[in-house]
Amino acid sequence: MLKVLSDAISSFSHLSFSERMKSEPVSKYYQKAEKMLKLLKPIIDTTVFSDLASNKLLSKLFEELSLAVDELRELSLNWHPLSSKFYFVSHILSLLSTL
C-alpha cells in the first residue's frame with residue numbers, strides 16, 4: 001500500500017507540466033497540495049520497508065491518503081475554466097484537510 005501511495009504522490013507531482021496547472025484556481029491549490037505531499041513523500045518512501053508498513057491501522061490510513069491523492073489528481077486534471085470554482089475549491093479544501 002505504501003508503494004501505491006508513493007506512486008500516487010509521484011504521479012500528482014508530474015501534473016506540474018500540464019497546461020491546466022497554470023490556470024486559477026488550480027495552480028493555487030495544486031501548489032498547496034504539492035508542498036504537503038513533498039513533505040510526506042520522504043516519510044512514505046522510508047516507511048515502505050519498515051515494520052510500520054504491516055500495521056493494519058496505518059495501512060488503512062495510507063490507503064485513505066492514496067485515494068485522496070488520486071482524487072486530487074483527477075480533480076486537478078479535469079477542471080475546466082467554465083467549471084464551478086466553488087465546487088472545485090470546496091472539494092480541494094476537503095481533500096487537503098485529509099492530507
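Residues numbered from 1 in each chain as written. Predicted model: local features only at pLDDT ≥ 70, side-chain atom pairs only at ≥ 80, totals over all residues. Heavy atoms only, no water.

## Here we look at the packing of helix 2 (residues 26-47) against helix 4 (residues 85-98)
The geometry of a pair of packed helices is captured by two quantities: the angle between their axes and the separation between those axes.
Here is step 1 of the chain: Where helix 2 meets helix 4, the axes come as close as 11 Å, and the angle between the chain directions of the two elements is 5°. Between helix 2 and helix 4, the angle falls in the class roughly parallel. For the pair formed by helix 2 and helix 4, the contact residues are Val 26, Tyr 29, Lys 32, Ala 33 and Met 36 on the first element and Phe 88, Val 89, Ile 92, Leu 93 and Leu 96 on the second.
Here is step 2 of the chain: By residue class, the composition of the contact of helix 2 with helix 4 is nine nonpolar, no polar and one charged. (Axes fitted to C-alpha atoms, helices over the stretch in contact; angles between N-to-C directions. Helix = DSSP H or I, 4+ residues; strand = E, 2+ residues; numbered from the N terminus. Parallel < 35°, antiparallel > 145°, perpendicular 65-115°, else oblique. Contact = heavy atoms within 4.5 Å. Nonpolar A, V, L, I, M, F, W, Y, C, P; charged D, E, K, R; others polar.)

## So, the pattern of salt bridges
Here is step 1 of the chain: Within this structure, the stated rule accounts for two salt bridges.
Here is step 2 of the chain: For the salt bridge of Glu 74 with Arg 73, the shortest nitrogen-to-oxygen distance reads 3.2 Å.
Here is step 3 of the chain: For Arg 73, a relative accessible area of 23% puts it in the partly exposed group. (Salt bridge = Lys/Arg side-chain N within 4 Å of Asp/Glu carboxyl O. Buried < 20%, exposed > 50% of the residue type's maximum accessible area, 1.4 Å probe, protein only.)

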